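Per-entry structural report
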Amino acid sequence: MPKNPKLKSILIIGSGPIIIGQACEFDYSGTQALRSLREDGIETILINSNPATIMTDPAMADHVYLLPLTTKSIIKILKEHPQIDAVLPTMGGQTALNLCIEADEKGIWKDFNVEIIGVDIDAINITEDREKFRLLMLKIGIPMAPQATATSYLKGKEIAQEFGFPLIIRASFTLGGEGASFVYKEEDYDELLTRGLEVSPIHEVMIDKALIGWKEYELELLRDANDNVVIICSIENMDPIGIHTGDSITVAPAMTLSDKTFQKMRDMAIHMMRSIGDFAGGCNVQFAVSPDENEEIIAIEINPRVSRSSALASKATGYPIAKIAAKLALGYHLDELQNQITKSTSALFEPTLDYVIVKIPRWNFDKFEGSDRTLGLQMKSVGEVMGIGRSFQEALHKATQSLEIKRNGLGADGKENKDYNQIIEKLTYASWDRVFIIYDAIAMGIPLSRIHEITKIDMWFLKQYEELFLLQKEISTFKIDTLPKELLLEAKQKGYGDRQIAHMLGCLESQVYSKREEFGINRVYKLVDTCAAEFKAKTPYYYSTFESDMETADGNRYADNESIVSDKKKVIVLGSGPNRIGQGIEFDYCCVHGVLAASECGYETIMINCNPETVSTDFDTADKLYFEPVFWEHIYDIIKHEKPEGVIVQLGGQTALKLAEKLSRYGVKIIGTSFESLDLAEDRGQFSNLLKENNIPYPQFDIATTADEASAIADVLDFPILVRPSYVLGGQGMKIVINKAELEKHVVDLLSQMPGNQLLLDHYLEGAIEAEADAICDGEDVYIIGIMEHIEPCGIHSGDSNSMLPPFNLGEFVMQQIKDHTKKIALALNTVGLINIQFAIKDDIVYIIEANPRASRTVPFIAKAYGEPYVNYATKVMLGEKKVKDFNFNPQLKGFAIKQPVFSFNKFHNVNKKLGPEMKSTGESILFIDSLKDDNFYELYSRRKMYLNK
């Protein structure tokens, strides 16, 4: 059946600001859905309050409403657009679903004659209400763990008495496992039960008998209105039951499942999906499997919407789940839709993978002082990375290289943990770095049987680790000039980086690279084609691997490279890697705009990134996508293969910037601002000298590289002092100290974490107002795209401040100084592209805090507030295609826009919630107000000094 002809105008609900448990995977799914609906000529209306995402770009929907996600906003939109026929709530995570249910309960959809598509409200209620779900599974014969529902503390105590420990508590209608916990001991139960009941909006928890050591799997399904169902992907959690899937290392396809059990699991998933309602769209089902030969299967839960896992499954298979799910919501059947990969077969097919995917979460515990760092049923990660390889070992190594936590992969980098007690503890209480600790345990000689007994991780995975370690041990017996070719090839095929191999051989990375070249061991690129090359694929989506040479009949030897290099002029955009606090989705927004702008200028665009949640890693965003770690070795090989005109580094946050020096050293052209200028701005000392030469005020400062130097500087500067390391993002390591003891402790801590770093000590301007400006510069002219004033005082990181655009109480004299300083600094740094400058204002004097000649967190916010595509303009300036004076700037903003940070402190109990110079927010929303008399502004302004943490 083709699409429903009655559907002409559809409202999509977005997921709002990014929080732990709901990240930018919904930005990706919402963007795909919008594009999919527009292909069918449908008018799209979007509500989402997040300014940092590509989803809320004016080009993405016919009407974009940057409004709070409330029923009041929904009513406003429905009144302005009486033509809306339907609402699609499945693309915005739990936030969108909860808002849809609330509007349904209030009768809003009925009042405006709006149909809900893509999901059935009854299906949501059944799956979110743990008791209803349990009863339904019982009725249809799907086994579940022994469990019972409690709606009171007393009932919860009775259930625990009946089941005995360990137990699992899961709160109903929550997101990211909030309120869920694994309870080993009776003494912890009361507090965790109370927390679960409080967190659940209906004050209900499901208490399960814990299935210690059972294996966990997920299946991603799609179903159409004709009841055709396809299983897109099977995903296995390397970690057994007890760790939220968002915090688990996951592998696709499933590795340790017998075919018989997989077929049984498929049948159960399809049966479950059909029983919860009559809807067309995506669905995620989670199962536990007993770790014995019986492989008994029980159901954990089902989510009748696209999820975090469906973003991963889309990237893992190349099958665009959200795009197809949006089509199915319109009434299409799977067999009527085109397979996006082959462009010649239908979407009614199940992808087959001839490669392995490993996803590893990215945590930011350092931002949550005092937090419990053990992993459990409540999600704590802020982002994730994905590695693609020909084997589990290669994919695992690529994923660990993508994390950007100063590791070069598993082991072989001098950062191994050698403390037996600590290793045992981290294995026992799942730690964020357990992926590395398993390797360290094997290196220490702890038997696999003991590691399995503690962690319950399947022996197959542990044996894969052991093989890697044995290979490292063997390579370590050689020197660079005696290493056999076969051994070097095996190490590369198993994902070891040149740096790691150099560490094993006691030589330089460049020597390993030269040896590879000498042996002809070069990376080859393979297509992610979803059908194991059975059909010809048209997608330009690649991953790298190493292959043994093949020999043709005429004696030629070669390795098969599927990435064909064109003769067009090309540009590479470096992505921003995993989401984390201080570097979020705003840089993905910038990268996507950079790609689109370069394409408009006639370049073939190449994207390199490893984040499965984002739009930048969609196979149809750039002309070519390399899903690879943003890690030197991988990038340099792609550059050598593609031979681009240059590389854009200023759109991908600190991830891309950190590679600028090496690119410059290896003679690769950096498009836009040069490495020298980027480095000058990052080097706190050099930058202050530049300000001095230009007569621009800055707080009194000095530079220290030891605790003694810092102490001597403190005698001159006076407390309070702001301590800032160089080359960091998101205010990492910044702190205001008020005496010598605090100063010494902080400096010693910083230098142990960042040896050799230059620390800038500033006299902290107490009571100053903070402001910032973003501008585009072409080396001759500067155009300031926005000046923002922070509502909080100076000393709270700009990412954690409520920022007002335009400023609300800076006089003309101060504004002129900001404009003059911005123009002077942009030109002095030879900026070509974007620049962000931060100011402290005291006694009507504007001091410079720092300047960053790159895309900043605030650029998407300003672009949305003024309705102008500033990243597009800046990219064209970087490419030398346009000058600043070529653009007709026409910003539109009535009243003020406020950038409001959101925090995820509720995921961590007993954590220090105070704010200071180090950034802690996980996302942001935008709020438009007409005047300063608005109640929202008044409330923000009245509590502006509440959280300042010195």
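Structure's up top.
Now for a quick tour of the structure. Because the structure is predicted, anything quoted here is derived from the model rather than measured. As a convention, each chain's residues are numbered from 1 in the sequence order in which they are written. pLDDT decides what is reported in this predicted model: residues at 70 or higher carry local features, side-chain atom pairs at 80 or more are listed and counted, and totals for whole chains, interfaces and linings draw on all residues regardless. Side-chain calculation: all heavy atoms of the structure are included, whereas hydrogens and water are not.

To qualify as a helix, a DSSP run of H or I must reach at least 4 residues; to qualify as a strand, a run of E must reach at least 2; elements of each kind are numbered from the N terminus. Check the secondary structure of the chain and you find 31 helices and 35 strands. Values of the radius of gyration come from C-alpha atoms, whereas the globule rule sets the reference at 2.2 Å times the count of residues to the power 0.38. Here the C-alpha radius of gyration of the chain, 27 Å, is about what a compact globule of 950 residues would show, namely 30 Å. C-alpha extents for the chain along the principal axes are approximately 75 × 75 × 60 Å. Within the chain, counting contacts between residues at least 6 apart in sequence, those at least 24 apart form 70% of the total. Shrake-Rupley sampling with a 1.4 Å probe provides the accessible areas, and residues are treated as covered by the protein chains on show and by no other component. In the form shown here, the chain has an accessible surface area of approximately 34100 Å², with 49% of it arising from carbon and sulfur atoms. On the chain, the mean spot of the 100 positive side-chain charges and the mean spot of the 135 negative ones are 1 Å from each other. In this description, contact between two residues means that some pair of their heavy atoms is separated by no more than 4.5 Å. Under the counting rule used here, the positive set is Lys and Arg, the negative set is Asp and Glu, and His together with the chain ends is not counted. Here the site of a charge means atom NZ of a Lys, CZ of an Arg, CG of an Asp or CD of a Glu.

So, about the packing of helix α13 (residues 420–428) against helix α14 (residues 434–444). Convention adopted: a line fitted to C-alpha atoms gives each axis, helices being fitted over their contacting stretch, and angles between N-to-C directions are expressed from 0 to 180 degrees. Running from N to C, α13 and α14 point in directions that differ by 135 degrees, and their axes come no closer than 10 Å. On the basis of the axis angle, α13 is oblique to α14. Our pair here, α13 against α14, has a crossing hand that is left-handed. In contact with Y420, I423, K426 and L427 of α13, α14 contributes R434, I437, I438, D440, A441 and M444. When the residues that make up the contact of α13 with α14 are grouped by side-chain class, the tally is seven nonpolar, no polar and three charged. The cut-offs work like this: below 35 degrees is roughly parallel, past 145 is roughly antiparallel, 65 to 115 is roughly perpendicular, and the gaps in between are oblique. Rotating anticlockwise by less than a right angle from the far helix to the near helix defines a left-handed crossing, while the corresponding clockwise rotation defines a right-handed one. When residues are sorted by character, Ala, Val, Leu, Ile, Met, Phe, Trp, Tyr, Cys and Pro go into the nonpolar class, Asp, Glu, Lys and Arg into the charged class, and all the rest, Gly among them, into the polar class.

Let us look at the pairing of strand β26 (residues 721–725). The cut-offs for exposure are 20% and 50% of the maximum accessible area for each residue type, with area from a 1.4 Å probe on protein chains only; residues under the lower value are buried, those over the upper are exposed, and the others partly exposed. Where burial is concerned, most of β26 is hidden: five out of the five residues are buried. By this definition, two strands are paired if DSSP reports at least two bridges between them. Relative to strand β27 (residues 735–737), β26 is paired through three bridges, and the arrangement is antiparallel. Across the sheet, I721 pairs through a bridge with V737, a residue of β27. Summarising the sheet, β26 and strand β28 (residues 759–763) pair through five bridges and their orientation is antiparallel. Bridge assignment links R724 to a residue of β28, and that residue is L760.

One turn of the α-helix equals 3.6 residues, which is why residues spaced by three or four share an orientation. Of all eight residues in helix α24 (residues 675–682), seven are buried; the element is thus mostly enclosed. Buried within α24 we find F675, S677, L678, D679, L680, A681 and E682. Lining the buried residues of α24 we find α22 (653–657), α23 (660–665), α25 (684–693) and β33 (845–852).

This part covers unusual backbone geometry. A cis amide bond links A252 with the next residue in sequence, P253, at an omega value of -10 degrees. Relative to the helices and strands, P253 is located in the loop between β12 (250–252) and α9 (259–275). Note that the residue after L805, namely P806, is joined by a cis bond; omega there is -15 degrees. Within the element layout of this structure, P806 appears in the loop between β31 (803–805) and α28 (812–828). Phi angles above zero are rare outside glycine, and K406 is one such case at about 65 degrees. Along the chain, the position of K406 falls in the loop between α12 (392–402) and α13. One non-glycine residue with positive phi stands out, namely N830, at about 55 degrees. Relative to the helices and strands, N830 resides in the loop between α28 and β32 (833–842).

Let's shift gears to the pattern of salt bridges. For this analysis, a salt bridge means a side-chain nitrogen from Lys or Arg found within 4 Å of a carboxyl oxygen belonging to Asp or Glu. Applying the stated criterion across every chain yields a total of 53 salt bridges. Linking D227 and R223 is a salt bridge whose minimum nitrogen-to-oxygen distance equals 3.1 Å. E490 is the salt-bridge partner of K494, the closest N and O atoms lying 3.0 Å from each other. You can call K494 buried: its relative accessible area is 14%. Among the ionic contacts, a cluster of salt bridges with common partners joins R35, E39, D40, K323, K327, D618 and D620.

A large share of strand β2 (residues 43–47) lies buried, amounting to four of its five residues. By the bridge criterion, five bridges tie strand β1 (residues 9–13) to β2 in an arrangement that is parallel. Across the sheet, residue I10 finds its bridge partner in β2, namely T44. If the strands point away from the viewer and the path from the first strand over the helix to the second runs clockwise, then the crossover is right-handed. Handedness of the β-α-β unit built from β1, helix α1 (residues 25–39) and β2 comes out right-handed. Sheet topology note: the β2/strand β3 (residues 63–65) ladder contains three bridges and is parallel. Across the sheet, residue L46 finds its bridge partner in β3, namely V64.

This brings us to helix α19 (residues 509–519). Taken together, the buried positions of α19 are E509, V512, Y513, K515, R516 and F519. Burial along α19 is one-sided: seen end-on, the buried residues are contained in an arc of 160 degrees. Arc definition: it is the arc formed by the directions from the helix axis to the C-beta atoms.

With that settled, consider the sheet that holds β26. In spatial order, the strands read β25-β28-β26-β27; together these four strands make up an open sheet with antiparallel pairing. This sheet does not close on itself; its edge strands, each paired only once, are β25 (701–704) and β27. Between one strand and the next, the sheet's axes are offset by a mean angle of 30 degrees, whatever the strand orientation. The strands touched by α25 are β25, β26 and β28; relative to β25, the strand with the most contacts, the crossing angle is about 155 degrees.

Note on terminology: a nonpolar core comprises buried Ala, Val, Leu, Ile, Met, Phe, Trp, Tyr and Cys residues joined through side-chain atoms within 4.5 Å. Ranked by size, the top nonpolar core spans 174 residues in total, and within it I10, L88, Y319, L574, V649 and L663 carry the most contacts. If we skip the residues at most four places from it in the chain, I10 touches L37, I42, E43, T44, I45, A86, L88, I117 and L330.

Now for the sheet that holds strand β9 (residues 205–209). Sheet architecture is open: four strands sit in the order β6-β9-β7-β8, paired in antiparallel fashion. Strands at the two margins of the open sheet, each flanked by one partner only, are β6 (147–150) and β8 (181–183). Pairs of neighbouring strands in the sheet enclose a mean axial angle of 25 degrees, with direction left out of account. With four bridges joining them, β6 and β9 adopt antiparallel strand pairing. The residue bridging Q147 from the neighbouring strand is D208, located in β9.

This part covers the packing of aromatic side chains. Two aromatic rings from Phe, Tyr or Trp, using only the six-membered ring of Trp, form a pair when their centres are within 6.5 Å; if the ring planes differ by under 30 degrees the pair is stacked, by over 60 it is edge-to-face, and anything between is tilted. Taken as a whole and assessed by the stated rule, the structure comprises 29 aromatic pairs. Their ring planes at 50 degrees and their centres at 4.9 Å tell us that W632 and Y666 sit as a pair that is tilted. Remark: Y666 occurs in the loop between α23 and α24 and W632 occurs in helix α21 (residues 632–642); sequence separation between them is 34 residues. Linked through ring pairs, F365, F368, F903, F905 and F908 together constitute an aromatic cluster. Its end group placed over the ring of F279, R223 keeps NZ or CZ at 5.5 Å from the ring centre. The rule for a charge over a ring is simple: NZ of Lys or CZ of Arg within 6 Å of the ring centre, and within 35 degrees of the ring normal.

Glancing now at the side chain of T250. In this structure, T250 sits in strand β12. With residues up to four places along the chain from it excluded, the contact list for T250 reads I235, E236, N237, M238, T245, L312, I357, V358 and K359.

Attention shifts here to the environment of H909. With respect to the helices and strands, H909 occurs in the loop between β34 (896–902) and β35 (923–929). Counting along the chain gives 766 residues from H909 to P143, while the straight-line C-alpha distance between them is 34 Å. Apart from the residues lying within four places of it in its own chain, the contact partners of H909 are R195 and G370.

Following the sequence through the fold, R516 ends up in helix α19. Within polar-contact distance, the side chain of R516 engages the side chain of D498 at 2.9 Å. When sequence neighbours within four positions are dropped, the list of residues in contact with R516 reads L488, K492, D498, I521, N522, R523, F546, E633 and D637. Throughout this description, a polar contact denotes any pair of N or O atoms lying within 3.5 Å of each other; where both atoms belong to protein, one of them has to be capable of donating a hydrogen while the other can accept it, and for residues adjacent in sequence the pair is counted only when both atoms sit in side chains.

For any two helices packed against each other, one specifies the crossing angle of their axes together with the interaxial distance. Viewed as axis vectors pointing N to C, α12 and helix α16 (residues 459–475) meet at an angle of 75 degrees, and their least axial separation amounts to 10 Å. It follows that α12 is roughly perpendicular to α16 by the angle criterion. Taking contact as the criterion, the partners of F392, Q393, L396 and H397 in α12 are, on α16, W460, F461, Q464, Y465, E467 and L468.

Function cannot be read off these values alone, since they describe shape.
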